[in-house]
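# Understanding the architecture of this molecule
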Amino acid sequence: MLTVDFDRLGVGPGTKVIDVGCGAGRHAFEAYRRGADVVAFDRDESELRGVETILRAMGETGEAPLDASAQAVAGDALSLPYADETFDCVIAAEILEHVPQDDAAIAELIRVLKVGGTLAVSVPRWLPERVCWLLSDEYHANEGGHVRIYRASRLRDKITAGGLDWTHEHHAHALHSPFWWLKCAVGVSNTDHPAVTAYHKLLVWDLMQRPKLTRLAESLLNPLVGKSVAMYFTKPRATESGVTPGYSVASR
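Looking at an unreviewed UniProt entry, one finds the protein chain named Class I SAM-dependent methyltransferase, with Mycobacterium servetii as its source organism.

In structure tokens form, the structure reads like this:
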């Protein structure tokens, strides 16, 4: 289940991509499948082992082009172990809401992005997230949980203040909002509740079959209750003075 629209990223053979906070690896897998040179980056080493296994299997079975590369790297998003302007594309999907020092994380995402490159960021949308917080403390008040709710305009301003140009945004996963409201209402850890089980089966069926009816329904509902908001930015080229607008050594 992809949150980021890869058709907007221009990812293809030879593109250098880092998926920061890759989690289970869904976006890293898609970038690799499209022929990119991919770094799946996360602090959770146990989850990264699973990501690395799948990336290796993709290469061995020909699911990714022969000239593409992929690696799983453990580390801290607040101190990415890469030089300035290393990557053509930086993806940070559903991670900033977990990071207390989000300004520092955003600065790192911008730092490693090449001039002319694209940054894709997604976070939970304000309204669906707010409902979850109202229904359940367990949903967010736990180790590694969500520490804030973003308004899209606020996050957009944070990133453009770092010198990037906003290009587009959209909402995604509207069918998942009621699922999480339901889980929060009955108890996030109550995975055996009949309603939760039934809705989960619906989501899995939709993911595997992608029927036209649910695809249409979600596209119509996304602007209203999409669970996530995805934003896209580019790093502008330097001016004649040699300085990229809004981006300075101090911001690093």
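What follows continues from the structure just given.
## So, helix α8 (residues 212-225)
In an α-helix there are 3.6 residues to a turn, and that puts residues three or four apart on one side. For α8, which comprises 14 residues, the first-to-last C-alpha distance of 19 Å matches the rise-based estimate of 20 Å (1.5 Å per residue) to within 8%. Along α8, the sharpest kink reaches roughly 30 degrees, centred on S219 and followed within four residues by the proline P223. Taken as a whole, α8 has its buried residues at T214, E218 and N222. In this fold, the buried residues of α8 make contact with β6 (165-172), α6 (176-186) and α7 (194-209).

## A word on unusual backbone geometry
If you check the backbone angles, E85 has positive phi at about 55 degrees while not being a glycine. Its location among the elements puts E85 in the loop between β3 (69-74) and β4 (87-93). E85 gets classed as partly exposed once you look at its relative accessible area, which sits at 36%.

## Section: the UniProt feature "domain: Methyltransferase type" (unreviewed entry) in the protein chain
The UniProt record marks residues 18-120 with the feature "domain: Methyltransferase type" (unreviewed entry), using the residue numbering of this structure. Its end C-alpha atoms 11 Å apart, residues 18-120 is made of 33% helix and 29% strand.

## Comments concerning the side chain of H173
Locating H173 in the fold gives a position in the loop between β6 and α6. Among the residues examined, H173 registers a relative accessible area of 8% and is labelled buried. Not counting the four nearest positions on each side in its chain, H173 is found in contact with M1, L2, T3, R26, E218, N222, G226, K227 and S228.

## Some remarks on the sheet that holds strand β2 (residues 37-42)
What links the strands of a sheet is backbone hydrogen bonding, and the strands pair in either a parallel or an antiparallel sense. On the basis of which strands lie adjacent, the open sheet formed by 7 strands has the order β3-β2-β1-β4-β5-β7-β6 and mixed pairing. Each edge of the open sheet carries a strand with a single partner, namely β3 and β6. Adjacent strand axes in the sheet meet at a mean angle of 15 degrees, parallel and antiparallel pairs treated alike. Note that β6 and strand β7 (residues 228-234) share 7 bridges and pair antiparallel. Counted as the bridge partner of H168 is Y232 from β7. Here helix α3 (residues 102-111) sits on the sheet in contact with β1 (16-20), β4 and β5 (113-124), set at roughly 145 degrees to β5.

## Quick word on the pairing of β5
Consecutive residues of a regular strand have side chains that alternate between opposite faces of the sheet. Burial of β5 is extensive: 9 of the 12 residues sit out of reach of the surface. Both β4 and β5 contribute to a ladder of 6 bridges, which runs parallel. Paired with I91 across the bridge in β5 is A120. Across 7 bridges, β5 lies against β7 in antiparallel orientation. For L119, the partnering residue across the bridge sits in β7 and is F233.

## So, the nonpolar core
Inside soluble globular proteins, nonpolar side chains tend to come together where they are buried. With 30 residues, the main nonpolar core has V20, Y82, V90, L96, L119 and L155 as its most contacted residues. Taken together, the elements giving at least two residues each to this core come down to β1, β2, β4, α3, β5, α5 (152-160) and β7. Those residues in contact with L155 that sit more than four places away from it in its chain are L96, I106, V121, V123, Y150 and M231.

## Quick look at the environment of T191
By secondary structure assignment, the location of T191 is in the loop between α6 and α7. On the basis of relative accessible area, T191 is assigned to the partly exposed category, the value being 47%. When sequence neighbours within four positions are dropped, the list of residues in contact with T191 reads K183, V196 and T197.

Scoring rules and cut-offs
- One numbering rule holds for all chains: residues counted from 1, following each sequence as written.
- Residues qualify for local features only when their pLDDT is at least 70, as the model is predicted, and side-chain atom pairs are given and counted only at 80 or more; totals for whole chains, interfaces and linings, by contrast, use all residues.
- Values reported for side chains reflect all heavy atoms of the structure, with hydrogen atoms and water molecules removed beforehand.
- Strands here are runs of E lasting at least two residues and helices are runs of H or I lasting at least four, both read from the DSSP assignment and numbered beginning at the N terminus.
- What a helix should span is 1.5 Å times the count of its residues minus one.
- In this analysis the local bend is the angle between axes fitted, respectively, to the seven residues ending at and the seven residues starting at the residue.
- Three labels apply to residues, based on accessible area from a 1.4 Å probe with only protein chains included: buried if under 20% of the type maximum, exposed if over 50%, partly exposed otherwise in between.
- In what follows, residue pairs with any heavy atoms lying within 4.5 Å of each other are defined as contacts.
- UniProt positions are given in the numbering used here, feature names are shortened, and annotations may be inferred rather than shown by experiment.
- DSSP-based pairing: two strands are paired if at least 2 bridges between them are found.
- Axis definition: a line fitted to C-alpha atoms, over the contacting stretch in the case of helices. Angles run 0 to 180 degrees between N-to-C directions.
- Nine residue types can take part in a nonpolar core, namely buried Ala, Val, Leu, Ile, Met, Phe, Trp, Tyr and Cys, and a core is a set of them joined through side-chain atoms within 4.5 Å.

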